[in-house]
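Inside the fold
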Amino acid sequence: MGVVARWYTDNLREEVNKGFRSKIEAGEYPHRPPYGYRTVKESKGSKFPTPDPEKAEIIRTIFKLIASGKYSIDTLREELFQRGMYFSQSTRKWTRSHLAKLLRHPFYIGKIPWHGKIYEGKHKPIVNEQVWQKVQEILDGRGNAKCHKRREFTYGHGLIKCADCGYSITAETHKQQYTYYVCSQRRHLNHSAKPAWVPEQLIESQVVSLLDKLILPKEVYNWVIEYLKRISTQEVVDTQKELKLLKRKISESQNTVDAILLRAAQAEDSLVDGFMRLARERQSEMALLQRRFEQTKLGLQEDTGGPVKILELAQHLSRRYVTLKPSPKRQIADSVFSNLELNGVSLCAEYRLPFAILAKNTNRPLNYA
Ligand SMILES: [Zn+2]
């Protein structure tokens, strides 16, 4: 960026920041508030976050459950789902990262974090400060939460559903040694057959044979790898061309901006404003181009070899799987399968994309294309 333009942009940013800081110091919130609040516009045009009654209730429940020490973030997700406390109608299940972020947010006790500092807000808190503190201790591992001491069950935490009633399968240990899985609602609902107690070994061997279905015959595998590599090389070439073009456009608009600013410096007072407006317009165009450039570049770094890696991974998954600890095992099962169900003693599953393509084609290798 040219020196003149950089000076200009830095000053503009400084101005905007100063405006925000004075608002935040006055307890206002010029951004979109977190989940649980909605923004109400006041007469003067200042925006004010106000609790949304329904969502605020969900937030209070989330904090209360974690503060009880009986839930981990994983079991909390399941509990919220069972209670019908959805994140939204389209995305019903809360994500782990969203919950983790939300549980740390001081906005819920009336405070505003901004540029590394905490300011007192003017908005109404949703969560009691004691509860919030308790939750922070538990998340830091200082609280005496049971969920940290409890044994971790690989196929618990709502990963598998009962095919008969749709509720979660839970784990129980017998004689502190043998783990069995059974429907959590076995006592409460009418099942067409008595829910079975299934040993962990039996579940695991079925997961492994489902993972085995992702293995392609050797010659098909080689052909597919070759094919994918060819496609991704072409994509890389195309993207690099686009990046070059964007870079040229950016440097062109940079020159234009510099020229306009130079004219502004030499112009009569009455014309300066016009030149500055023009420069600002050109600069926002340039910022757009710059953003597209960064995104394209990021896409290039992420995309390269993605499908190849997934395919390679899938070939070794079942062998590696048995050596893993409970939590990575669960993560793998969760990302490869959807609708894991226990029907009597047999485990049924659908594959998620892209694994679904592999599983479907392992039996009919010549149709892979
Ligand atoms: Zn059931």
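Whatever comes next refers back to the structure up there.
Residues numbered from 1 in each chain as written. Predicted model: local features only at pLDDT ≥ 70, side-chain atom pairs only at ≥ 80, totals over all residues. Heavy atoms only, no water.

1. Regarding the environment of T50
- With respect to the helices and strands, T50 occurs in strand β2 (residues 47-51).
- For T50, a relative accessible area of 30% puts it in the partly exposed group.
- Put simply, T50 and G36 are 14 residues apart on the chain and 8.5 Å apart in space, counted from C-alpha to C-alpha.
- The contact partners of T50, leaving out residues within four places of it in the chain, are G36, Y37, R38 and V40. (Helix = DSSP H or I, 4+ residues; strand = E, 2+ residues; numbered from the N terminus. Buried < 20%, exposed > 50% of the residue type's maximum accessible area, 1.4 Å probe, protein only. Contact = heavy atoms within 4.5 Å.)

2. Here's the deal with the coordination of the zinc ion
- Donor atoms from the polypeptide that coordinate the zinc ion comprise C162 (SG), C165 (SG), C183 (SG) and H191 (NE2), at 2.1 to 2.3 Å from the metal.
- Read in sequence order, the donor residues coordinating the zinc ion give the pattern C-x2-C-x17-C-x7-H. Taken together, the residues C165 in the loop between β5 (161-162) and β6 (169-174) and C183 in strand β7 (residues 178-183) connect sequence positions 18 residues apart.
- With a relative accessible area of 2%, C183 lands in the buried category. (Donors = N, O, S within 2.8 Å, 3.2 Å for Na, K, Ca; no water.)

3. So, the pattern of salt bridges
- Counting across every chain of the model gives 14 salt bridges.
- The residue R60 makes a salt bridge to E57 at a minimum N-O spacing of 3.4 Å. Highlighted residues: R60 and E57, both in helix α2 (residues 53-67), separated by three residues, approximately one helical turn.
- For E57, a relative accessible area of 37% puts it in the partly exposed group.
- In this structure, R104 engages D140 in a salt bridge whose closest nitrogen and oxygen atoms are separated by 2.8 Å. Of the two residues, R104 sits in the loop between α4 (96-103) and β3 (111-114) while D140 sits in helix α5 (residues 129-140), which places them 36 residues apart along the sequence.
- Note on R104: relative accessible area 36%, which makes it partly exposed. (Salt bridge = Lys/Arg side-chain N within 4 Å of Asp/Glu carboxyl O.)

4. Observations regarding the packing of aromatic side chains
- Within the structure shown, the criterion is met by ten aromatic pairs.
- Here the aromatic rings of F81 and Y86 are separated by 5.8 Å at their centres, their planes lie at 45°, and the arrangement is tilted.
- The class of F81 is partly exposed, set by a relative accessible area of 28%.
- Here the aromatic rings of Y155 and Y181 are separated by 6.0 Å at their centres, their planes lie at 70°, and the arrangement is edge-to-face. Taken together, the positions of Y155 in the loop between α6 (146-149) and β5 and Y181 in strand β7 put the pair 26 residues apart, joining distant regions of the chain. Summarising the burial analysis for this pair, Y155 and Y181 share the class buried.
- Here the aromatic residues Y29, Y37, F63, F107 and Y108 are joined through ring pairs into a cluster of three or more.
- A cation over a ring is seen here: K55 above Y35, with NZ or CZ 5.1 Å from the ring centre.
- Between the NZ or CZ atom of K93 and the centre of the ring of F81, over which it lies, the distance is 5.5 Å. (Phe/Tyr/Trp six-rings, centres within 6.5 Å; stacked < 30°, edge-to-face > 60°. Lys NZ or Arg CZ within 6 Å of the ring centre and 35° of its normal.)

5. As for the environment of C183
- Through-space distance from the C-alpha of C183 to that of I169 is 4.4 Å; in sequence the pair is 14 residues apart.
- When sequence neighbours within four positions are dropped, the list of residues in contact with C183 reads C162, C165, S168, I169, H191 and P195.

6. Things to note about the nonpolar core
- I160, I203, L214, V336, F337 and Y351 are the most contacted members of the largest nonpolar core, which has 39 residues in total.
- Excluding anything up to four places from it in sequence, V336 contacts L211, L214, L317, E350, Y351, R352 and F355.
- In this structure, L99, F107, I112 and W132 belong to the second largest nonpolar core, which totals 31 residues. (Core = buried A, V, L, I, M, F, W, Y, C linked by side-chain atoms within 4.5 Å.)

7. Observations concerning the sheet that holds strand β8 (residues 198-199)
- Read from one edge of the open sheet, three strands run β6-β7-β8, paired in antiparallel fashion. Every other strand in the sheet has two partners, leaving β6 and β8 as the edge strands with one partner each.
- Judged from the six bridges that link them, β6 and β7 form a sheet pairing that is antiparallel. From the neighbouring strand, T173 faces β7, where its bridge partner is T179. (Pairing = 2+ DSSP bridges.)

8. Some words on the packing of helix α3 (residues 73-82) against α4
- Closest axis-to-axis distance for the α3/α4 pair is 10 Å, and the angle between their directions is 105°. Classified by the angle their axes make, α3 and α4 are roughly perpendicular. Between α3, through I73, D74, L76, R77 and L80, and α4, the contact on the second element is made entirely by R96, L99, A100 and L103. (Axes fitted to C-alpha atoms, helices over the stretch in contact; angles between N-to-C directions. Parallel < 35°, antiparallel > 145°, perpendicular 65-115°, else oblique.)

9. Concerning the sheet that holds strand β9 (residues 337-343)
- Ordered by their spatial adjacency, three strands build an open sheet running β5-β9-β10, and the pairing between neighbours is mixed. Each edge of the open sheet is held by one strand with a lone partner, namely β5 and β10 (346-351).
- The sheet strands contacting helix α11 (residues 326-336) are β9 and β10, and the helix crosses β9 at an angle near 105°.

10. Structural notes on the side chain of D52
- By the element assignment, D52 lies in the loop between β2 and α2.
- Not counting residues up to four positions away in its chain, the partners in contact with D52 are G36, Y37 and R38.

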